[in-house]
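Results of the structural survey
If you want the building blocks of each chain, they are given just below.
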Amino acid sequence: CLHPRDSYVLVKPDYSDEIFIVAEALCEKVMGMGGYTSYQILATYPGQFFEYMVAQHPFLDKTSLLMITHNLGIIAELCQDVAVMYAGRIVEYGTVAEVFQNPAHPYTVGLLNAIPKLEGERERLHDIPGKIANAQNLPSGCAFHPRCAGCTGRCMEENPGMIRLNDNHYVACYQFTGGVSNE
């Protein structure tokens, strides 16, 4: 039998906060997973959720938190690393600072450009052109290619592997052939 402090506990989003708190107290390594099923909590009580997580931040050094969300503000405040997914595939991965300051994949660039600016002159929000990929019928090659302004013939035929841009940043895009492939 493993001692609770030697094991991981996965706390799913449909469990109560009390279970998360108990698991956190019993185990050094807790993996909390926030996702679409917890959307109602985030949509109804975003301030309280955020305040709770910030209050827990000093204790998160021994905790893994997997956030599955479209709220990039929460990611920026609570996470050290981020994986951006499109059509079920990671298209960019790295530290939050690196990815948010130097987005490489066109989808990541589009997501970050769609965030309203809180300071300065108001600007019209940018959108990502085209239609979201149909998960039942993904296009050949890179699933983002129908929406990508930098699409080439290779993008339409082959799915790009992850390219290392630096030690803290990876992207799956043929626009970055100067990186070191991990495949």
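Refer to the structure above for everything that follows.
The text that follows walks through the structure, step by step, so that each part is easy to find. (Residues numbered from 1 in each chain as written. Predicted model: local features only at pLDDT ≥ 70, side-chain atom pairs only at ≥ 80, totals over all residues. Heavy atoms only, no water.)

Section: the overall build of the protein
This is how the line gets drawn: Under the scheme used here, helices are H or I runs from DSSP no shorter than 4 residues and strands are E runs no shorter than 2 residues, and both carry numbers assigned from the N terminus. When accessible area is computed with a 1.4 Å probe and restricted to protein chains, residues below 20% of their type maximum are described as buried, those above 50% as exposed, and intermediate ones as partly exposed. In what follows, a contact means two residues having at least one pair of non-hydrogen atoms within 4.5 Å. Computed by Shrake-Rupley with a 1.4 Å probe, the accessible areas treat only the displayed protein chains as cover when residues are assessed.
Within the protein, the secondary structure is distributed over seven helices and eight strands. Expressed as a percentage of its 183 residues, the buried residues of the protein come to 32%. Long-range pairs, those at least 24 residues apart, make up 38% of the contacts in the protein between residues at least 6 apart in sequence. When the accessible surface of the protein is summed, it comes to about 12200 Å², and 55% of that surface belongs to carbon and sulfur atoms.

Concerning the pairing of strand E4 (residues 81-86)
Basically, it comes down to this: The criterion for strand pairing is that DSSP finds at least two bridges linking the strands in question.
Every second residue of E4 is oriented toward a common face, the buried set being Val82, Val84 and Tyr86 and the non-buried set Asp81, Ala83 and Met85. Sheet analysis places E4 next to strand E5 (residues 89-95), joined by six bridges and oriented antiparallel. Within E5, the position partnered with methionine 85 by the bridge is isoleucine 90. From the end of E4 to the start of E5, which pair antiparallel, there are two residues, and alanine 87 there has a positive phi angle of about 55°.

What about the pattern of salt bridges?
Filter applied, for reference: Every case where a carboxyl oxygen of Asp or Glu lies within 4 Å of a side-chain nitrogen of Lys or Arg is listed as a salt bridge.
Enumeration according to the criterion identifies one salt bridge in this entry. The residue arginine 154 makes a salt bridge to glutamate 158 at a minimum N-O spacing of 3.5 Å. Residue glutamate 158 is classed as partly exposed on the basis of its relative accessible area of 38%.

Notes on the side chain of glutamate 98
Short version of the rule: His residues and chain termini do not enter the charge count, which takes Lys and Arg as positive and Asp and Glu as negative. We define a polar contact as two N or O atoms separated by no more than 3.5 Å, with the added condition that, inside protein, one atom must be a possible hydrogen donor and the other a possible acceptor, whereas residues neighbouring each other in sequence contribute only through side-chain atom pairs.
Position of glutamate 98 relative to the elements: it lies in helix H5 (residues 96-101). Of the side chains with opposite charge, arginine 164 lies nearest to the buried glutamate 98, which makes no salt bridge, at 11 Å. A polar contact of 3.2 Å, which involves the side chain of glutamate 98, links it to the side chain of asparagine 166. Among the polar contacts made by the side chain of glutamate 98, one reaches the side chain of histidine 169 at a distance of 3.1 Å. The residues touching glutamate 98, leaving out its near neighbours within four places in the chain, are Pro103, Asn166, Asn168 and His169.

Considerations on the nonpolar core
To keep it simple, the criterion reads: Here, nonpolar core means buried Ala, Val, Leu, Ile, Met, Phe, Trp, Tyr and Cys residues that are tied together by side-chain atoms lying within 4.5 Å of each other.
Judged by nonpolar contacts, the single largest core of 18 residues is most densely connected at Ile75, Cys79, Val82, Val84, Tyr86, Tyr107 and Phe144. Among the elements of the structure, helix H4 (72-78), E4 and H5 are those that each provide at least two residues to this core. Those residues in contact with valine 84 that sit more than four places away from it in its chain are Arg89, Ile90, Val91, Glu92, Val99, Tyr107, Thr108 and Leu111.

Quick word on helix H6 (residues 106-113)
Note: α-helices contain 3.6 residues per turn, so residues at a spacing of three or four share the same orientation. For H6, the complete set of buried residues consists of Tyr107, Thr108, Gly110 and Leu112. Tucked into the core, H6 has its buried residues touching H4, E4, E5 and H5.

What about unusual backbone geometry?
In the Ramachandran plot, alanine 87 falls in the positive-phi region, its phi being about 55° despite a non-glycine side chain. Within the secondary structure, alanine 87 sits in the loop between E4 and E5. What makes alanine 87 partly exposed here is its relative accessible area of 35%.

Section: a nonpolar patch on the surface
This is how the line gets drawn: Each patch groups residues whose relative accessible area exceeds 30% and which form no salt bridge, using 9 Å between like charges and 5 Å between nonpolar side chains of Val, Leu, Ile, Met, Phe, Trp and Tyr.
Nonpolar side chains collect at one region of the surface, where Met85, Ile90 and Tyr93 lie side by side and expose about 260 Å² of accessible area between them. Position of tyrosine 93 relative to the elements: it lies in strand E5. Overall, tyrosine 93 belongs to the partly exposed group, its relative accessible area being 33%.

Details of the side chain of glutamate 92
If you trace the backbone, glutamate 92 turns up in strand E5. No salt bridge is formed by the buried glutamate 92. Its closest oppositely charged neighbour is arginine 89, at 11 Å. Within the structure, the side chain of glutamate 92 is placed 2.9 Å from the backbone nitrogen of alanine 104, a separation counted as a polar contact.

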